[in-house]
Structure formats: structure tokens, C-alpha cells
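# Observations on the model geometry
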Amino acid sequence: MKKNLLKGTLLLGSMFILAACGAEEEAPESVESEVSTVVEEEVESEETTEESEESEESTEEETSEESEESTEEETSEESEESTEEETSEESEESTEEETSEESEESAEEETSEESEGSTDEESSADSEESADDAAVVGTDESAEAGALTDGEYSVVGNPDERGWAVTHTITVADGEITDSNFDYENEDGDLKSEDEEYNTQMEEVAGVSSADATQELNDALVESQSADVDVVSGATSTSTSFQFTSQVLLELAAQGNTEEVNVDELELADGEYTAEDLTITVEGGEITDAIFEAEDQDVADELAAALVEAGNVEGVEPVEGQEELSTTFIALATQATNDAKLASLTADAEESSEESEESSEESEESSEESSEESTSEETSEESSQVESEESTEEESSEEESSEEESSEE
């Protein structure tokens, strides 16, 4: 539009010039040439102006873009710096919190480990005391099973009608019988095995002296380590007495009881006891019934009744004319009553062992209760200590946080 207006203006101006001059034929061409020159200059001027305007616009656009980019970069840098500062602060706070938590966890773990260690040590101490108690109980059980406790064990008896009282002593070393000394002794301290007159008479009647019989029995006990020794021919009564005293001594050695025991004064344990054809019943420590079977039942019943009435073998008198059957009955009655005495000795040992075990259990329970109370108190103290440490750490953490906030402000 601008170009067209300029052209029109120039044409009108040239027409006025032609009209004013009124001129020649060449004038139009000159005028047209001048007009054309002017028009071209104007056009060039306008183009230059447009180029200048476009350049200015481009420059302004570039400047604006650079300014915007610069602003964006500065904003980005400021944002990044701010973000970094915030991240750094958050990281420091997070690190402090984590450090505080780790410190608390470490304190709790150490406390827990100390508590567990203390409990383990107490548990270990309780376990060792329990093992020692079990060892004692085990020793008692082993003794009942036949193990012998080292020491010297002795038994005696009441004097018989001739004044001779049984005496028997054994020595145990390393759990074995190393010496046995069985004999009969009178109130003066004389030994039957050393009585030459008695030994001579016995050898003439039985074919063996008292000294030889007792020596053979003593040697058999040490060799066999058992009361089940063979009866010495010609010395049946002595052999039976020896077997019984040996059984009592072995039981005492199994118990570790070194007190001297009178075998004739041992109580009878309640129950029924049988020795071949004889059965006796014991109630309340006394013989209440006896059944003896033999060819001559009348004599057998008479002997059985005599045993119940007397309450012991020593009170039974042989039936006249039935010496052999009477001797057999007395031997069987002695065996049955000896079994009742041994049962009583064993029962006393079992009761003593049970009492000891109960006492041991009570002691263990008391020890465990004391240990539990001690552990509970220690745990409570450690827990209080941990809570105090946690409270201190929290207060310290809060103070540090407050200082950091103040510093940032």
C-alpha cells in the first residue's frame, strides 16, 4: 500500500511539473527518468527501512530470547542451589535422626545382650548346680544297682545260747571288696575261729573246723564279689549266717552307710516271703501267719504255729522225734525272715533317697525362684537405664535440632 501511494504521489507531482513547464517533447522522458529515479530511491529507502525494522525486530527477539534464557538459567541455578541447600539440610537432619536411632538401637542391643549374657550365665550356673545334684542322685541310683562306695562296713548280731555273736566286716576300695572278716565273738572278745578246743570238736563231728569254714567263706566273697557263695559242707549254719551278713554289708556299701548294724535287730518289712515250702506273712513288722508244707503236716503245722507265736526263729524249739524236719524248718524260716529284714533295710534306704531327692528338688526350686527374682530385678534396672539413656538422647537430639534451626534463621 505504501509503495502504491508513493507511486501515485510521484506521478501527480510529475504531471504538475509537466504542466508548469509546458514543454518540449524530451521533457516527459526526462521527467519520467527523474521520477523513476526518485521512485527507485524511495523504494530502496523503504526497503532499507523495512530491512532495518526487520533487523531491529530480529535483534529485539534475539535479545528477548537471550534475556529469557539468561533469566531461566539464573532461575534454574538459584533453584538448584536452593534445592541443594534444602537437600543438604534434610540430609543432615536425616543423618542425625538415623544416628540417634542407631545409637538407641545399639544401646538397646547392648542392653539386651548384657541381659541375655547375665541370664545365660545364671542359666549356666543353675545348669551346673542341677548337673551336680543329678550326679549325686545318679551315684545313689548306681549304688542301688550294685556299685559300692569305698569304706569299711560292719555288722554284728546278738549272742546265741553259747554266748557267740556274729561279727562281719568288709573293706571296699575302688568299688570292690578287698577284704572280708567273718567270725563269731564272745563277750570277752575271744574269736570262735581261734578257739582250739571248739575247732577240734567241730572238725571231729562235721569234718571241718570253724577256722577253715570261715576262711573259705571270706575268700569266696572277695573272689566272687557276691553274697551268693557256696555252702561249706559240714558248716551249713555258719554258711547261712555268712550269706545273710554279706547281703546286709553289700547293701550298706551300696548306700555308703558306714554305721554298724545289728542284723538281729533289723525290723521286718511287711509282705509275704517264701523259702521253698515255707511262706510267712508280715504285717506291722510282725509275723502274723506261716504256712509250711511237709510229709508230716501235723508236725509242719506245729512248727509254723510256734514261729508265729514266738515272732522269730530263735523262739522255735525243735519237735521231739522230728529233729530233721525241725532243722529244715528253722533253716527255711531263717531265710524267709532274713529276706524280710533285707527288704526293710532297702525300704529305709529308698525312703531316705526320696527324702533327699525331695529336699534337693525343693532346694532347686528355691534356687530357681531366687534366680528368677534376681534376673527380673536386673532386667528392670537395665530397662530403667535404657529408658534414661533414650530420654537423654532424645533431649540431646531436640537441643541439636533447635540449635540448627536457630542457626538457619
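Look up: the structure comes first, before these words.
On a predicted model such as this, the values are computed, not experimentally measured, just so you know. All residue numbers refer to position in the chain's written sequence, counted from 1. In view of the model being predicted, local features appear only for residues whose pLDDT reaches at least 70, and side-chain atom pairs are presented and counted only at 80 or more, with totals across whole chains, interfaces and linings using the full set of residues. Excluding hydrogens and water, the side-chain figures rest on all heavy atoms present in the structure.

Right, let's talk about the layout of surface pockets for a bit. Both site types are read off a 1 Å grid over the protein atoms alone. A 1.4 Å probe that fits but cannot get out defines a cavity, while an open set with protein on both sides within 12 Å along at least five of seven lines defines a pocket; lining residues have an atom within 4 Å of a point. Grid points are joined across faces, edges and corners, and a volume is the space filled by probe spheres set on the points. Size it by volume and the largest pocket reaches roughly 1,700 Å³. Forming the walls of the largest pocket are 46 residues, and the residues nearest its centre are Asp160, Ser237, Glu314, Ile330 and Thr334. Looking at the lining of the largest pocket, the elements with two or more residues in it are α3 (196-206), α5 (236-255), β7 (286-292) and α7 (323-408). Under the DSSP-based scheme used, a helix requires at least four consecutive residues in state H or I and a strand at least two consecutive residues in state E, with every element numbered from the N terminus. For the lining of the largest pocket, the leading source of residues is α7, giving ten residues. We call Asp, Glu, Lys and Arg charged. Ala, Val, Leu, Ile, Met, Phe, Trp, Tyr, Cys and Pro are nonpolar, and the rest, Gly among them, are polar. Among the residues making up the lining of the largest pocket, the classes are represented as 17 nonpolar, 18 polar and eleven charged. Roughly 280 Å³ of internal volume is contained in the second largest pocket. Looking at the second largest pocket, it is lined by 14 residues, and the ones nearest its centre are Thr240, Gln243, Ala331, Gln335 and Asn338. At the level of secondary structure, the elements contributing two or more residues to the lining of the second largest pocket comprise α5 and α7.

A pair of strands counts as paired when DSSP detects no fewer than two bridges linking them. Spatially, three strands are ordered β5-β6-β7 in an open sheet, and the strand pairing comes out antiparallel. At either margin of the open sheet sits one strand with a lone partner, and together these are β5 (271-275) and β7. Here the average twist between neighbouring strands, direction ignored, is 20 degrees. Sheet topology note: the β5/strand β6 (residues 278-283) ladder contains five bridges and is antiparallel. Considered in β6, the bridge of Ala275 is made with Leu278. Whether two residues are in contact is decided by their heavy atoms: any pair within 4.5 Å suffices. Here the axes come from fitting lines to C-alpha atoms, over the contacting stretch only for helices, and the angles between their N-to-C directions go from 0 to 180 degrees. Contacts from helix α6 (residues 297-310) reach β6 and β7, with the element oriented near 170 degrees to β7.

The pairing of strand β2 (residues 165-173) with strand β3 (residues 176-185) spans nine bridges and is classified as antiparallel. Across the sheet, the residue bridging to Thr171 is Asp179, located in β3. What sits between β2 and β3 in their antiparallel hairpin is a turn of two residues, with Asp174 showing a positive phi close to 55 degrees.

Moving on: the pattern of salt bridges. Salt bridges are defined by distance alone: a side-chain nitrogen of Lys or Arg within 4 Å of a carboxyl oxygen of Asp or Glu. In the structure shown here, the tally under the stated rule is one salt bridge. Across the salt bridge formed by Arg162 and Glu161, the nearest N and O atoms sit 3.4 Å from each other.

Before going further, it helps to spend a moment on the packing of aromatic side chains. Here the aromatic set is Phe, Tyr and Trp, taking the six-membered ring for Trp, and pairing holds for ring centres within 6.5 Å; pairs whose planes are under 30 degrees apart are stacked, those over 60 apart are edge-to-face, and all others are tilted. For the structure on display, the rule yields three aromatic pairs. Ring centres of Phe182 and Tyr184 lie 5.5 Å apart, and the angle between their planes is 80 degrees; this geometry places the pair in the edge-to-face category. Judged on exposure class, the residue Phe182 and its partner Tyr184 are both buried. For a Lys NZ or an Arg CZ to count as sitting over a ring, it must be within 6 Å of the ring centre and within 35 degrees of the ring normal. The ring of Tyr184 carries Lys192 above its face, with NZ or CZ at 4.1 Å from the centroid. Burial status follows relative accessibility: with a 1.4 Å probe on protein chains alone, a residue under 20% of its type maximum counts as buried, one over 50% as exposed, and anything between as partly exposed.

Let us look at the nonpolar core. For our purposes a nonpolar core is just a set of buried Ala, Val, Leu, Ile, Met, Phe, Trp, Tyr and Cys residues, chained together by side-chain atoms within 4.5 Å. One finds Tyr153, Val155, Ile170, Val172, Ile177, Val248 and Leu252 to be the most contacted residues of the largest nonpolar core, which totals 31 residues. Residue assignment for this core shows that the elements contributing at least two residues are β1 (151-156), β2, β3, α4 (210-224), α5 and α7. Top element by residues in this core is α5. It accounts for seven residues. Not counting chain neighbours up to four residues away, the residues in contact with Tyr153 comprise His168, Thr169, Ile170, Val172, Leu249, Leu252, Ala253, Gly256, Asn257 and Thr258. Core analysis: the next-biggest nonpolar cluster, separate from the first, contains 24 residues, Ala269, Ala275, Ile280 and Phe292 among them.

With that settled, consider the side chain of Lys192. You can see Lys192 is positioned in the loop between β3 and α3. Counting rule for charge: Lys and Arg are taken as positive, Asp and Glu as negative, and neither His nor the chain ends is counted. Buried charged residue Lys192 carries no salt bridge. Nearest counter-charge: Asp160, at 4.9 Å. The residues touching Lys192, leaving out its near neighbours within four places in the chain, are Trp164, Asp183, Tyr184, Tyr198, Asn199 and Ser210.

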